[in-house]
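# A structural walkthrough
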Amino acid sequence: MQCDYFDAGVCHSCTFMGEPYEDQLARKQRQVASLLSDWPDLVWEPAFGSRQSHFRNKAKLVVGGTADKPTLGILDSHMRGVDLRQCGLYEPCLAASFETLAQFVQRARITPFDVATGRGELKNILATTSPSGTLMLRFVLRSTEALPRIRKNLGWLQEELPQAAVITANLLPERKAVPEGREEIVLTDQDSLPMQLDDVTLFLRPQSFFQTNTPVAKALYGQARDWVNSIVEASPFPNGGFPRDLTQSRDNGGRKPLGATPLHIWDLYCGVGGFALNVAGSGRDVLGVEISEQAVESARLGAATALENATVRFMAGDANAAARAEGSSPDILIVNPPRRGIGALSDWIEKSDARWLIYSSCNANTLAKDLTAMPSYQPHAARLFDMFPQTSHSETMVLAQRTQ
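Rules and cut-offs
Residues numbered from 1 in each chain as written. Predicted model: local features only at pLDDT ≥ 70, side-chain atom pairs only at ≥ 80, totals over all residues. Heavy atoms only, no water. Helix = DSSP H or I, 4+ residues; strand = E, 2+ residues; numbered from the N terminus. Rg over C-alpha atoms; globule rule 2.2 N^0.38 Å. Buried < 20%, exposed > 50% of the residue type's maximum accessible area, 1.4 Å probe, protein only. Contact = heavy atoms within 4.5 Å. Areas by Shrake-Rupley, 256 points an atom, 1.4 Å probe, with all protein chains shown as cover. Pairing = 2+ DSSP bridges. Axes fitted to C-alpha atoms, helices over the stretch in contact; angles between N-to-C directions.

## Regarding the overall build of the protein
For the protein, the count of helices and strands is twelve helices and 17 strands. Computed over C-alpha atoms, the radius of gyration of the protein comes to 23 Å, within 12% of the 22 Å expected from 2.2 N^0.38 for 404 residues, which places it in the range of a compact globule. Its C-alpha atoms give the protein principal-axis dimensions of about 70 × 45 × 35 Å. Taking all 404 residues of the protein together, 54% fall into the buried category. Taking contacts inside the protein between residues at least 6 apart in sequence as the whole, the part at least 24 apart equals 68%. Only carbon and sulfur atoms are counted for the fraction: they give 49% of the accessible area of the protein, which is about 17,400 Å².

And the structure:
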């Protein structure tokens, strides 16, 4: 991929820009494999690659400049706006909206926030696109001062961007280096963006999280589903490996065979339910836990509209506290924590009776640290998912089995 912004020294976010994609992928694979080298028997599935450009389904556009000439992009070292409307990372339907969004800022006379002086109103525009091309647009404001003008011009925006299904104003009065605040004002009748992923539809509410790269997210969820099915069926893995004894608990007694029903699966840090809804099915009792109440509402909507003959429930709360409060252990545990990892939850998992662990991580350093803290689990298979081409970031998923 070639980028004029990178070549001109305007933006350095894509640290691997200009490097052949095959080399990028190989470098990431070597780095992650090195971090997990304490488990030499770990079998690596082939890395799942991405489109090199036009792959991002969401944009965090920092707004700078003036109401007459707004910039949408980033801030430079002097906190001045740098316009990146032609950035090649975004999905085409998302990138096509940027010019209209800049015109809307002009039309509604929304003054961009100036970091140096603390004046102005519009801090960020957060935009997300679904596989069908519909949009969620969120205007992050310092206060409600611009809300009347936004409402007055909302009809124009919807005429220009009829694919904008969800439009909101988010309030961020504090001067913090964060993309959004806690209060959300929905300006449209629709408040959730459907994300169609084959036979599962996820629903994104304004403050709920979804992976940045939709095709790679689908592959990530699909891999978890395949691993769960392989465990249940005691069938060979695609790479030729086999699960160990799937019918016994770690003490060879006191628990049902894994093939018995219901099979209990927990998805901790479940977000909008991506993993939970993809592994759900007949004879499986699935629990998803997420600290964000909006994300849990989204997950419940996905479960209500898509699933038949499946038992899935979602609860809002801290993953560590919820796991301890349940008073039991699942047969299969899925965790997808933030970059900091699972922390104290590793101690609970190590002492639990969960027989299989699927750990999806955006930070291989904390992944390795957490696996080390759970010596009773032997990592069996792993796969790298390139969620962020042109950068050093990736997603790694590991399947581990309790051996003690």
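## Comments concerning the sheet that holds strand β12 (residues 284–290)
Taken in spatial order, the eight strands line up as β1-β16-β17-β15-β14-β11-β12-β13 in an open sheet, and their pairing is mixed. Single-partner strands in this sheet number two, and they are β1 (43–44) and β13 (311–316). Where strand β16 (residues 377–385) and strand β17 (residues 395–402) come together, eight bridges link them in antiparallel fashion. In the sheet register, Phe 385 faces β17, and the bridge partner there is Glu 395. Seen against the sheet, helix α7 (residues 214–233) touches β11 (263–268), β12, β14 (332–335), β15 (356–361), β16 and β17 and runs at an angle of roughly 10 degrees to β17. Together, β15, β16 and β17 form the strand contacts of helix α12 (residues 364–372), whose direction differs from that of β15 by roughly 155 degrees.

## Focus: α12
If you check which residues of α12 are buried, you get Ala 364, Thr 366, Leu 367, Ala 368, Asp 370 and Leu 371. Contacts from the buried residues of α12 go to α2 (21–35), α11 (345–351), β15, β16 and β17.

## Let's talk about the sheet that holds strand β8 (residues 183–186)
Taken in spatial order, the seven strands of this open sheet run β4-β3-β2-β5-β6-β7-β8, and their pairing is mixed. Edge positions in the sheet fall to β4 (81–83) and β8, since each of these pairs with one other strand and no more. Ignoring strand direction, the axes of neighbouring strands in this sheet form an average angle of 40 degrees. In terms of strand pairing, strand β2 (residues 58–65) meets strand β5 (residues 122–129) through five bridges, oriented antiparallel.

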